[in-house]
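Below are the chains, spelled out letter by letter.
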Amino acid sequence: MLIIRSLSIVICLALLIACQPQHSDAIKQYQHASAGAFDAAISADGQYSVVSTIEHGVAVWDNQANALKFQWYLKEDEQNLVIALAIADDNSTAVTATKTEFAVWDIQSGENLGFYSIKASHIRDIAIANQGRYVLYGRADGVAVHVDLQTGRRIEFLGHQEKINAVALSPNGRYALSGANDYAAYLWDTRSGQVVYRFNHASRVTQVALDPQGRFAFSAGSKRQASIWDLRTGAQHSQLQYIARQKIFSAVRFSNDGQWLATGSPSRELALWETQSGKRVIDYQVAARANSQPKSAVVFAVAFTNNNQLLTESSSGLSEYFNIKGMP
């Protein structure tokens, strides 16, 4: 039974106290999960965060009001097993996924719009289109599945040879991007299942992202290749410039104008890059969870706000704001 707890009126003060950053470059911090988080998503404009918490199901936060809006539970009195989340680009809906199930929710009302089980393999990552019509998920058996929740139409993309690590979906649901352990990321048409572009890597592809305006795609391998691709031509637009031989990106977001890229990593790092050159403009450190050993945190999600700031959600259970330096 799906459980929804509405908290749009009551503000939980214990979770909303802004504090001075501790071991972080943030200018503001808010606690969104007191015992830490499994995963999180932030809306494109930074207004909403959806956090899979360790103790309190999935928490939906209105970041503008600093208020806990809803708590979603797939089943009462059962451990929260949500391992993947996504918010539609138009802020209409969100999708939450366990390894074998996913649910679609109305962000404004908190209402559940559908609950679905999968029979084959298990879900590795998930995305949702505007108005919650289309859902895309990548499976451990290398299959990416695009579902039209209005008509029930499903299309399975079979281009990958190994397990899928990350997926992204255009806001209108027309194009999908998937990256896998087979050293490839594919941009493909969800109407036909045909490949538009293949982006090759020298290592397993661990992260992908799409510019909502359709200008760029991003894909990153587990070693020294993180590329921004021009979707008009399929050619590499730029490559992120860093020294490390191995680098994992756990969060990626293009700015609205396409000039900037924000990334997060499992090592507390938040970075801002120029899309034209691939040059890193500045980096920051998010906070580690109090009393954690070692002192670390995974950056699950990042967004550009209208106040010229970056907003993150991390495994520490903290929402953090960072002033952007070097960006006009």
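Look up a bit, the structure's there.
Below you will find a few notes about this structure. (Residues numbered from 1 in each chain as written. Predicted model: local features only at pLDDT ≥ 70, side-chain atom pairs only at ≥ 80, totals over all residues. Heavy atoms only, no water.)

For the chain, the count of helices and strands is one helix and 29 strands. Whereas a compact globule of 328 residues would reach a radius of gyration of roughly 20 Å, the chain reaches 18 Å, a difference of no more than 12%. A fraction of 44% describes how many contacts in the chain between residues 6 or more apart in sequence connect residues 24 or more apart. Of the accessible surface of the chain, which amounts to about 14,100 Å², a share of 46% is contributed by carbon and sulfur atoms. Computed over 29 positive and 28 negative side-chain charges, the separation of the two mean positions in the chain equals 6 Å. (Helix = DSSP H or I, 4+ residues; strand = E, 2+ residues; numbered from the N terminus. Rg over C-alpha atoms; globule rule 2.2 N^0.38 Å. Contact = heavy atoms within 4.5 Å. Areas by Shrake-Rupley, 256 points an atom, 1.4 Å probe, with all protein chains shown as cover. Lys, Arg positive; Asp, Glu negative; His and termini not counted. Charge placed at Lys NZ, Arg CZ, Asp CG, Glu CD.)

An order of β23-β24-β25-β26 is seen for the four strands of this open sheet, with the pairing classed as antiparallel. Each of the sheet's edge strands pairs with one partner strand only, and the pair in question is β23 (251-254) and β26 (280-285). Adjacent strand axes in the sheet meet at a mean angle of 15° when their direction is disregarded. The pairing of strand β24 (residues 260-264) with strand β25 (residues 269-274) spans five bridges and is antiparallel. Bridge pairing in β25 links Trp260 to Glu274. (Pairing = 2+ DSSP bridges. Axes fitted to C-alpha atoms, helices over the stretch in contact; angles between N-to-C directions.)

The four strands are arranged β11-β12-β13-β14 in an open sheet whose pairing can be described as antiparallel. In this open sheet, the two strands that pair with only one neighbour each are β11 (123-128) and β14 (154-157). For this sheet, the mean angle separating the axes of adjacent strands, direction not counted, is 15°. Taken together, the five bridges between strand β12 (residues 134-139) and strand β13 (residues 144-148) define a ladder with antiparallel strand orientation.

Before going further, it helps to examine the packing of aromatic side chains. Two measures describe an aromatic ring pair: the distance that separates the ring centres and the angle between the ring planes. This model, assessed by the stated rule, comprises 15 aromatic pairs. Measuring from ring centre to ring centre gives 4.5 Å for Trp72 and Trp105, while their planes differ by 5°; the resulting arrangement is stacked. Highlighted residues: Trp72 in strand β6 (residues 67-73) and Trp105 in strand β9 (residues 101-106), separated in sequence by 33 residues. Of the residues examined, Trp72 reaches a relative accessible area of 2% and is grouped as buried. Aromatic side chains Phe216 and Phe254 sit 6.0 Å apart centroid to centroid with 20° between the ring planes, which places their arrangement in the stacked category. Of this pair, Phe216 sits in strand β20 (residues 216-221) while Phe254 sits in strand β23; the two residues are 38 residues apart in sequence, bridging distant segments of the chain. Look at Phe216 and you get buried, because its relative accessible area is 10%. Overall, the relative accessible area of 5% leaves Phe254 in the buried class. When the ring centre of Tyr321 is taken as origin, the NZ or CZ atom of Lys28, which lies over that ring, is 4.5 Å away. (Phe/Tyr/Trp six-rings, centres within 6.5 Å; stacked < 30°, edge-to-face > 60°. Buried < 20%, exposed > 50% of the residue type's maximum accessible area, 1.4 Å probe, protein only. Lys NZ or Arg CZ within 6 Å of the ring centre and 35° of its normal.)

Moving on to the pattern of salt bridges. For side chains of opposite charge, pairing can occur when their charged atoms come near one another. The final tally for this structure, using the stated rule, is ten salt bridges. The salt bridge involving Asp283 is made with Arg280; its shortest N-O contact spans 3.8 Å. Accessibility expressed as a relative area gives 35% for Asp283, which makes it partly exposed. A single salt-bridge network, built from bridges that share partners, covers Arg139, Asp141, Arg154 and Glu156. (Salt bridge = Lys/Arg side-chain N within 4 Å of Asp/Glu carboxyl O.)

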